[in-house]
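Next come the chains, spelled out residue by residue.
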Amino acid sequence: MRKERTKKPFYKRWWVWIFAIVIIGAALSGGEEDGKEAAADGKDAAPVVSTPEKEQEEEEEVDEIVEVGIGVPAMIADVSFTVNSIEETNEIKSSNQFIESAKTEGKYVILEVTVKNEKKEAITIHSSYFKLITTDGVEYDPNTDGAVMMAMMEEEDFFLQQVNPGLSKTGKVVFEVGGDLDLNSTVLRGQTGFWGTEQIEISLKQ
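Residues numbered from 1 in each chain as written. Predicted model: local features only at pLDDT ≥ 70, side-chain atom pairs only at ≥ 80, totals over all residues. Heavy atoms only, no water.

Trainee: It is not clear to me how the confidence of the model for the protein chain should be interpreted in this structure. Could you clarify?
Mentor: Atomic detail in the predicted coordinates should be set aside for any region of low pLDDT. On average, the protein chain scores 77 in pLDDT, and the residues at 70 or more come to 67%. The low-confidence segment residues 58-63, where pLDDT is below 50, has 1 contact with residues more than four positions distant or belonging to other chains. (pLDDT = per-residue confidence, 0-100. Contact = heavy atoms within 4.5 Å.)

Structure follows, in structure tokens:
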């Protein structure tokens, strides 16, 4: 009697396992290559660097300053500043006989300034929003000495003055400086608020 030859199951054939090992090896090798390529791509990507020149250009765009001359309104953020007149003296005489005049060893620079509000809401103006600045960067703050304030009592000033939309306010700002300061080399810097983000410069050259 002839015996029938039994066929081995498909998964027990040796060549099936060799083929499977080759397929798995190729898949693993391809994954490693993809990972290396991805890492290389990330490594080669140049980082975005902000250069000092670019930062300076951005700051100049944000903090742009408008500069004009005496008698010319300087408009910024719907607020205009105009220097109407300049007075230089070493003594501020009081119009009140009971109040002494203010004197200095240097000189007082008295500026009459008009601020007009063209915004849609009220603004507040204070003398501290102004600075006198020379071409070499020296800054002078408004004088707040008691003798000066008393002598200027009857003059309009900018002590926390509120200006409603469509209206203007004219007042005087006093600076005490050295007697040899040449106003032709100075500017008056004004700002619309406490933080000084919106500024103008008015040349005091006469």
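From this point, the narrative continues.
Trainee: When you look at unusual backbone geometry in this model, what are you seeing that I'm missing?
Mentor: The phi torsion of most residues other than glycine is negative, and most of the peptide bonds are trans. In the Ramachandran plot, Asp78 falls in the positive-phi region, its phi being about 65° despite a non-glycine side chain. The residue Asp78 is located in the loop between strand E2 (74-76) and strand E3 (79-92) in this model. Take Asp78: its relative accessible area is 44%, and that puts it in the partly exposed class. (Helix = DSSP H or I, 4+ residues; strand = E, 2+ residues; numbered from the N terminus. Buried < 20%, exposed > 50% of the residue type's maximum accessible area, 1.4 Å probe, protein only.)

Trainee: Looking at this structure, how should I read the side chain of Ser203?
Mentor: Tracing the backbone shows Ser203 in strand E11 (residues 199-203). Here Lys205 takes part through its backbone nitrogen, which lies 3.3 Å from a polar atom of the side chain of Ser203. (Polar contact = N/O pair within 3.5 Å; in protein donor to acceptor, adjacent residues only side chain to side chain.)

Trainee: I tried to follow the side chain of Thr104 on my own but got confused; where do I start?
Mentor: Its location among the elements puts Thr104 in strand E4 (residues 102-117). The exposure class of Thr104 is buried, given its relative accessible area of 14%. Engagement of the side chain of Thr104 in a polar contact is seen with the backbone nitrogen of Gly106, the distance being 3.1 Å. When neighbours within four sequence positions are excluded, Thr104 is seen to be in contact with Asn90 and Glu176.

Trainee: Help me understand the layout of surface pockets, please; the structure alone is not making it clear to me.
Mentor: Sizing a probe to match a water molecule and rolling it over the atoms shows the empty space that remains. Considering only enclosed or pocket space, the largest pocket measures out at about 320 Å³ in volume. If you go around the largest pocket, you meet 17 residues; those closest to its centre are Ser127, Asn143, Met149, Asp157 and Lys172. Those elements that provide at least two residues to the lining of the largest pocket are helix H3 (146-151) and strand E9 (168-177). It is E9 that provides the largest number of residues to the lining of the largest pocket, a total of 3 residues. Of the residues in the lining of the largest pocket, the class split is 9 nonpolar, 4 polar and 4 charged. The volume enclosed by the second largest pocket comes to roughly 160 Å³. Lining the second largest pocket, in full, are Glu87, Glu91, Ile92, Lys93, Ser94, Ser95, Ile110, Ala151, Met152, Glu154, Glu155 and Lys172. When grouped by side-chain class, the residues that make up the lining of the second largest pocket number 4 nonpolar, 2 polar and 6 charged. (1 Å grid on protein atoms, 1.4 Å probe; cavity = no way out; pocket = protein on both sides within 12 Å on 5 of 7 lines; lining within 4 Å. Points joined across faces, edges and corners; volume = space filled by probe spheres on them. Nonpolar A, V, L, I, M, F, W, Y, C, P; charged D, E, K, R; others polar.)

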